[in-house]
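Residue strings, one per chain:
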Amino acid sequence: MLRVWRLHVGLLLMSSPDLAATGTRTLSEAASKQLLARFGVPFVEERLVSNPADAVRAAQELGVPVVAKLCGDRLAHKTERGLVRLGLADDAAVLDAATELLALAHPDDGVTGVLVAPMLSGSRELIAGVATDPQFGPTVLVGLGGVLTEALADVSVRLAPLGRIDAEEMLDDLRCQALLGEVRGEPALDRTTVIDVLVGLSAAVEGVPELVSVDLNPLIVHDGRAVAVDALVELRAQGAPS
Amino acid sequence: MTGVEVERFLRLFDPRGVVVAGASTHPGKFGFVSLHNILASGYAGKVFATNLDGAPVLGVPTMRSLDELPEGEADLLFVCTPRSANVELLRTAAAKGIRAAFLTSAGYGEAGEEGRAAQAELVQLCEELGILLVGPNGQGVVSTPSHLCAQIVAPYPPTGRIGVASQSGNFVSSFMNWSCATGVGISRAASCGNAAATGVTDFLRFFASDSHTDVSLAYLEGVTDGREVAAALRDVAARQPVVVVKGGATAGGARAAASHTGSLATDDRTFDGLCRQVGVTRAGTVEEAFEAAATFATQPLPTGNRVVVMTTAGGWGVVTADAVTRHPDLELAVLPDDLRDRIDELLPPRWSRSNPIDLAGGETRDTIPQVLEMVAGHPDVDAVIYLGLGIQSNQARMLREGGYFPDHGIERIVAYHERQDQRFAQAAHDISLTTSKPILTATELAVAFPDNPGPSTVRATGRLCYPSADRAVTALGHLWRRRRHLARRGLLEP
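First, a word on what this report is: a plain description of the structure on this page. Just so it is clear, the structure is predicted and the values come from calculations on it, not from any experiment. (Residues numbered from 1 in each chain as written. Chains lettered and ligands numbered in written order. Predicted model: local features only at pLDDT ≥ 70, side-chain atom pairs only at ≥ 80, totals over all residues. Heavy atoms only, no water.)

### A word on a nonpolar patch on the surface
Residue and element names in this part refer to chain A. Definition in use: Patches draw on residues past 30% relative accessible area with no salt bridge. Two like charges within 9 Å are joined, as are two nonpolar side chains (Val, Leu, Ile, Met, Phe, Trp, Tyr) within 5 Å. In these tables, accessible area is a Shrake-Rupley quantity obtained with a 1.4 Å probe, and a residue counts as shielded only by the protein chains included in the view. Any carboxyl oxygen of Asp or Glu that lies within 4 Å of a side-chain nitrogen of Lys or Arg is treated as forming a salt bridge with it. Runs of E in the DSSP output that reach at least two residues are strands. Runs of H or I that reach at least four are helices, and both are numbered from the N terminus. A simple rule labels every residue: compare its accessible area, found with a 1.4 Å probe on the protein chains alone, to the largest value its type can have, and call it buried under 20%, exposed over 50%, or partly exposed in between.
Taken together, the side chains of Val-147, Leu-148 and Leu-152 present a nonpolar region at the surface, about 310 Å² in accessible area. Within the element layout of this structure, Val-147 appears in the loop between strand S7 (137-144) and helix H6 (149-152). Classification of Val-147 by relative accessible area gives exposed; the value is 84%.

Structural data, given as structure tokens:
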């Protein structure tokens, strides 16, 4: 129980378990999103670039403001390491940010580039993910995100696979229902956007036997739609026990 | 569960004959108490017993050895002998046609390395012999269709439709004590002991196929095979209501569970999610679990969540309206205009004219059954909670016992009140049957004065008289959740 509890809180806190000890490896943010998108988890369009000039071009195409993040196979703690730059509103800001981020890369981060994505705003955040219960196997989770995540620990769990009705009921189970309605001039959450994510995560569990965990943290509720802006997929290493 | 599997369990629950191995002349021993309980509960099959000295126990002649047992006359072996005797005992039993064994004997999986080895051997032996093994280290088995109370503890519950399976024997006793207290009966009950070969989920699968069982009620503690638990709960809950109390839901409880059954606990929210996903009713406490099961067994499922509270006294109605409103899934029905107009014709204008329907003392001889029928019969009402039953009979009791009875006209009024409360309780039952809607009657008189003609008539109709309105609301909420679960997934029976 305690181990699972930590995994769930780990999800809430966007930390990952001791990778070496559990025989798993993580995918980069871009690769994580690519894998999950194959199973229907929706993401916004974004660009993975290898140099600052391409980052500027990407920002021009996507439209500012953008965020820039260092992207690597072994970068599970981007925020803690200061590898995320928000609200980049012009070419100069993008150029500087991309240059700095690439300079901050360690050789063992497995860096694949800089990820440039539209900057989404919204006062509400959710989290979602997959965690493997030692007894029940893979589970899909959704919870309240943001600064109160840890304090409220408002999370709902189902075993994978799950259907759309299950996903809808997961949202019904959250205690923070008032936050899912109209809040401070922002429209009510379009629940189908979360249901799509949860059903997609379930499909990924079924389609990728080596999947151990997924963190989608946060899903920003932007104009009523929940959009996953970060993703971390953890896979069982080859030869590791299932 | 296949027909063959069901047959195996029927040897346990409806045996042609029972053998108590290790019957004792000492009234403090399992071997005495279990034989006593079998005899005292009116088991109709043949009862045999073994005793090392061949001494008669409770008037039953005993065999020194199971070799003396006539072949093909007993299906169930109830084992109270020490571990060392059991291998030979089971071999002989199998040769005599016995196909089910309940072991109370200790010293197995709960007793270190050596005990675990003995348990593994036991499991393998029973598999070879084709014997359904329950226990060891278990409390016993109860089956009301056969009037069988083969257990080392009391009680023997009334007959009913609830099947009980528990990882902990105490919970079997708890649920059966609640059954005795409320009159809502049990079909089968089993404590799994160490669950060496047969666990809670095996019993649940049997209950789902058992013609005597409509509802499964289980206590689970640790989960050793999560995928099997999930699959079993899904299969069984698709066929009948399943109510589960799970121990080890908190960090403190999980540590206690680890030392109790040696099993790993699981993240509580994961188990909670599983229950929601497969339509299992999870209860937080023993009484909530029993009352949920009793409600499934005795009330129809509501087809919607609109609840009307009907009361003869204001305060209860207000608090119950709070409880319904606070419930995340139930709704306090808006009293339909046409219903209000019809009730207006029966009551003086001081009645509440809204939901809760507070009759405010305006009722005459037939008002309560009439209003109840109008309310439950209305298409915009899905369920009724009826409060105030038995008040007059409670006064009648005091009049009976106060030293003035039967003079001063007391006898006549006492009889009237008692007759009326009987009628009201009967009406709640009858109207529930004709409307196919749940009508839950709640009063603490069910506990304070169970002989009160109100609650005792509710019991006589086979239903539960809830000790408080809040508990009735909780039970009704469980019914609605299950109905909604089935409806959303297209699982309702046509």
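Once the structure has been displayed, the description carries forward.
### Here we look at the pattern of salt bridges
Applying the stated criterion to the full structure yields 44 salt bridges over all chains. Put simply, A:Arg47 and A:Glu61 hold a salt bridge, and the shortest N to O gap is 2.1 Å. On the criterion of sequence distance, the pair formed by A:Arg47 in strand S2 (residues 47-49) and A:Glu61 in helix H4 (residues 52-62) is long-range, its members being 14 residues apart. Classification of A:Glu61 by relative accessible area gives exposed; the value is 52%. Across the salt bridge formed by B:Arg481 and B:Asp329, the nearest N and O atoms sit 2.7 Å from each other. With B:Arg481 in helix H18 (residues 469-488) and B:Asp329 in the loop between helix H11 (314-326) and strand S14 (331-332), this pair connects stretches of sequence that are 152 residues apart. For B:Asp329, a relative accessible area of 11% puts it in the buried group. Several salt bridges share partner residues, and in doing so they unite A:Glu29, A:Lys33, A:Glu46, A:Lys69, A:Lys78 and A:Asp230 into one network.

### Details of the interface of chain A and chain B
The test is simple: We call two residues contacting when some pair of their heavy atoms lies within 4.5 Å. Polar contact is the term for a pair of N or O atoms within 3.5 Å; when the atoms are in protein, one must be able to donate a hydrogen and the other to accept it, and sequence-neighboring residues count only if both atoms are side-chain atoms. Amino acid classes used here: Ala, Val, Leu, Ile, Met, Phe, Trp, Tyr, Cys and Pro are nonpolar; Asp, Glu, Lys and Arg are charged; the rest, including Gly, are polar.
Contacts between the two partners involve 23 residues from chain A and, on the opposite side, 24 residues from chain B. Our enumeration of links across chain A and chain B arrives at four salt bridges. Across the pair B:Arg489 and A:Glu169 runs a salt bridge whose closest N-O atoms are separated by 2.9 Å. In this assembly, chain A and chain B are joined by nine residue pairs in polar contact (both at pLDDT 80 or more). Looking at the side of chain A that touches chain B residue by residue, the classes come out as 13 nonpolar, four polar and six charged.

### Description of the environment of B:Ile152
Residue and element names in this part refer to chain B. Within the element layout of this structure, Ile-152 appears in the loop between strand S7 (148-151) and strand S8 (159-166). Each C-alpha atom of the pair Ile-152 and Cys-80 lies 9.3 Å from the other, and the pair is 72 residues apart in sequence. The contact partners of Ile-152, leaving out residues within four places of it in the chain, are Phe-30, Val-33, Ser-34, Asn-37, Phe-78, Thr-104, Gly-138 and Gln-139.

### What to know about the packing of aromatic side chains
Residues and elements named next belong to chain B. In plain terms, the rule: Two rings belonging to Phe, Tyr or Trp (six-membered ring only in the last case) form a pair when the distance between their centres is within 6.5 Å. Interplanar angles under 30 degrees mark stacking, angles over 60 mark edge-to-face geometry, and anything in between is tilted. In this scheme, Lys NZ or Arg CZ marks a charge over a ring once it lies within 6 Å of the ring centre and within 35 degrees of the ring normal.
Under the counting rule described, the total for this entry stands at ten aromatic pairs over all chains. Measuring from centroid to centroid gives 3.8 Å for Phe-171 and Tyr-219, while their planes differ by 5°, and the two rings are stacked. Note that Phe-171 is positioned in helix H5 (residues 169-182) and Tyr-219 in strand S10 (residues 215-220), a separation of 48 residues in sequence. On the basis of relative accessibility, which here comes to 18%, the residue Phe-171 falls in the buried class. Seen in terms of ring centroids, Phe-206 and Phe-207 are 6.1 Å apart; in terms of plane orientation they differ by 55°. Their pairing is tilted. As far as burial versus exposure is concerned, Phe-206 and Phe-207 are alike and both buried. Among the aromatic residues, those joined into a cluster by ring pairs are Phe-9, Phe-13, Phe-203, Phe-206 and Phe-207. The ring of Phe-271 carries Lys-246 above its face, with NZ or CZ at 5.4 Å from the centroid.

### Overview of the nonpolar core
Residue and element names in this part refer to chain B. Note the cut-off: By convention a nonpolar core is built from buried Ala, Val, Leu, Ile, Met, Phe, Trp, Tyr and Cys residues, the set being connected through side-chain atoms within 4.5 Å. Domain borders in the structure are assigned automatically or taken from a domain database.
Counting 51 residues, the largest nonpolar core has Leu-12, Phe-13, Phe-203 and Leu-233 as its most contacted members. If one sorts the elements of this core by residue count, helix H6 (residues 200-209) sits on top with six residues. If you count residues domain by domain, this core takes at least three from each of domain 1 (1-143) and domain 2 (157-298). Contacts of Phe-203, omitting those with residues within four sequence positions, involve Phe-9, Leu-12, Phe-13, Val-134, Ala-165, Ala-190, Cys-192 and Thr-198. Counting residues in each nonpolar core, the second largest holds 43 residues, with Val-184, Ala-289, Ala-323 and Leu-479 among its members.

### Brief notes about the sheet that holds S7(B)
Residue and element names in this part refer to chain B. Heads up, the condition is: Two strands make a pair as long as DSSP finds a minimum of two bridges between them. Axis lines are fitted through C-alpha atoms, for helices just across the contact stretch, and the angle between N-to-C directions can take any value from 0 to 180 degrees.
Across the sheet, seven strands lie side by side as S7-S6-S9-S8-S10-S11-S12; this open sheet has mixed pairing. Of all strands in the sheet, those with a lone pairing partner are S7 and strand S12 (281-283), marking the two edges. Sheet twist, expressed as the average angle between the axes of neighbouring strands with direction ignored, equals 15°. Here strand S6 (residues 140-143) runs beside strand S9 (residues 186-191); their pairing, made up of three bridges, is antiparallel. The partner of Val-142 across the bridge, within S9, is Ala-189. Each of S10, strand S11 (242-246) and S12 is contacted by helix H9 (residues 268-278), which is oriented at about 140° to S12, the strand it contacts most.

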